[in-house]
Structure formats: structure tokens, C-alpha cells
Amino acid sequence: MKVKTISDLIDWTRLMHRQLGERLTTGSALHDQEMARMLLSYLADHEAALEKIIEGFEQGADLSALNTWVYDYLSHEQIDLKRSCDVPFEKMNFNEICLTVFDVHNQAIDLYRDLLRRADIPEAKELLQALLAMEEHETMRIAQQTGRMQDL
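In this text, all values refer to a predicted model and were calculated from it rather than measured experimentally. Each chain has its residues counted from 1, running along the sequence as written. Two thresholds apply to this predicted model, a pLDDT of at least 70 for residue-level local features and 80 or more for giving and counting side-chain atom pairs, whereas whole-chain, interface and lining totals are computed over all residues. The side-chain values count all of the structure's non-hydrogen atoms but skip hydrogen atoms and water molecules.

### So, the overall build of the protein chain
Secondary structure counts use DSSP, requiring at least four H or I residues in a row for a helix and at least two E residues in a row for a strand, with both numbered from the N terminus. Scanning the protein chain for helices and strands turns up six helices and zero strands. Start at the N end of the protein chain and walk to the C end: the helices and strands fall as α-α-α-α-α-α. Expressed as a percentage of its 152 residues, the buried residues of the protein chain come to 47%. Residues are treated as being in contact if the distance between any of their heavy atoms lies within 4.5 Å. If you take every contact in the protein chain between residues at least 6 apart in sequence, the share linking residues at least 24 apart comes to 78%. Each accessible area is a Shrake-Rupley estimate made with a 1.4 Å probe; only the visible protein chains count as cover when residues are assessed. A total of about 8000 Å² of accessible surface is found on the protein chain, and carbon and sulfur atoms cover 49% of it. A simple rule labels every residue: compare its accessible area, found with a 1.4 Å probe on the protein chains alone, to the largest value its type can have, and call it buried under 20%, exposed over 50%, or partly exposed in between.

The structure is reproduced here in C-alpha cells:
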């Protein structure tokens, strides 16, 4: 998908979370370790929730912010699921699953930060800041929950 506007970016990010969730669901169904299956299932549910949260951003955002062009200053690489998910989740251990999911989320955070630094329109800055805060918060939440799971 070619990202030209913030609306495209939001849509693309939503789809990225959906694809990650689908891969996590598949991994959960195929993994042979109970703890890894639980982790994959939790993370898949979380990605589905993130997809809905991002959809809400898309529906409730200011039209001028959504239509802001990012094409001209999108020098940052887009999120690459293949970089993070080159091994199927069902073949990863607990720590590898966590590192992979955190890598995807950190790529999203880096992308939002880069775009926020370059945004000129106040409405676009506000929307990008909200998306960044959401992604950071959800990544911290995942870190806390996976840490608790690992302690079991």
C-alpha cells in the first residue's frame, strides 16, 4: 500500500495490526508449548483490539488532519512485518515471540515519532501525537502483561 496521506497511514497501520494478529492466531493454533500458545492467543486478541482502536481514530479524526499529505516527508521506512516475522510464531519460544511483537510495535512508534517531528499542520500533529501515545501505551501494556505471564 502506498502511503500518501495520514488517512492512508492510519489505514495501513490498522491493516498491519490485523496481519500481525492473524499470524499470532495461526501460531497459537499450531504451537506445541502451552505457555507459548497462551501468549500468542493473548497477543492476537490484543492486536485485534488495536485494530479497532485505530479504526476509531480513523472515524473520529479531523478531515484536514486525515487528508494531510505525508508522502513528501515519509523518509522513514514503513513497518516491515517480514523483518520481524521471518520465522513462523509456532516455531518461536516465549522470548522470541515477545521480541518479535515488540519489534513491530517499536517500528510503529518510530514511524509516528518521525512523522510527528515533520508535521506542520496543528491538526495533523495532534492526530499523530494521539496515535503515538496510543501505540506507546499499548506496547507498555503488552510488556507488563507478557512479563507477568513469564513470571508464572
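### A short note on helix α5 (residues 94-118)
Taking 1.5 Å as the rise per residue, α5 with 25 residues should run 36 Å; its terminal C-alpha atoms sit 37 Å apart, in good agreement. The backbone nitrogen of Asn95 has a side-chain oxygen 3.1 Å away, supplied by the residue at the start of α5, namely Asn93. One less than the number of residues in a helix, times 1.5 Å, gives the span that helix is expected to have. Under this definition, polar contacts are N or O atom pairs within 3.5 Å; protein pairs additionally need one hydrogen-donor-capable and one acceptor-capable atom, and for neighbouring residues in sequence, both atoms have to be side-chain atoms.

### A few points about the environment of Thr5
Its place among the elements puts Thr5 in the segment before α1 (6-30). Sequence-wise, Thr5 and Val70 are 65 residues apart; in three dimensions their C-alpha atoms are separated by 5.1 Å. If sequence neighbours within four positions are ignored, Thr5 has contacts with Leu66, Asn67, Thr68, Trp69 and Val70.

### Describing the confidence of the model for the protein chain
Residue-level confidence of the predictor, termed pLDDT, takes values from 0 up to 100. Within the protein chain, residue pLDDT values average 88, and 89% of them lie at 70 or more. Per-residue pLDDT, averaged within each element of the protein chain, yields its smallest value for helix α4 (residues 81-84) (62) and its largest for helix α2 (residues 34-60) (94).

### As for the packing of α1 against α2
Look at α1 against α2: their axes get within 8 Å of each other, and the N-to-C directions meet at 160°. With respect to α2, the axis of α1 lies roughly antiparallel. For α1 against α2, the interelement crossing comes out left-handed. Each residue is assigned to one class: nonpolar for Ala, Val, Leu, Ile, Met, Phe, Trp, Tyr, Cys and Pro, charged for Asp, Glu, Lys and Arg, and polar for all the others, Gly among them. Here the contact of α1 with α2 is built from residues that sort into eight nonpolar, eight polar and eight charged. Only C-alpha atoms enter the line fits that serve as axes; for helices the fit covers just the stretch in contact. Angles between N-to-C directions range over 0 to 180 degrees. Between 65 and 115 degrees an angle is taken as roughly perpendicular, under 35 as roughly parallel, over 145 as roughly antiparallel, and anywhere else as oblique. It is the rotation of the near helix from the far one that decides the hand of a crossing: anticlockwise by less than a right angle makes it left-handed, clockwise makes it right-handed.

### What to know about the nonpolar core
By nonpolar core we mean a set of buried residues, namely Ala, Val, Leu, Ile, Met, Phe, Trp, Tyr and Cys, connected to one another through side-chain atoms within 4.5 Å. Of all hydrophobic cores here, the largest spans 24 residues; its most connected members are Ile6, Leu9, Ile10, Leu127, Leu128 and Leu131. Listed by contribution, the elements that provide at least two residues to this core are α1, α2, α3 (63-66), α5 and α6 (122-151). In terms of residues, this core owes the most to one element, α6, which gives six residues. Contacts of Leu9, omitting those with residues within four sequence positions, involve Val3, Leu111, Tyr112, Leu115 and Leu128. Grouped together as the second largest cluster of nonpolar side chains are 19 residues, Leu40, Leu43, Phe94 and Ile97 included.

### Describing the environment of Val104
Examined against the element boundaries, Val104 turns out to sit in helix α5. Between the C-alpha atom of Val104 and that of Thr139, which follows or precedes it by 35 residues, the distance is 9.8 Å.

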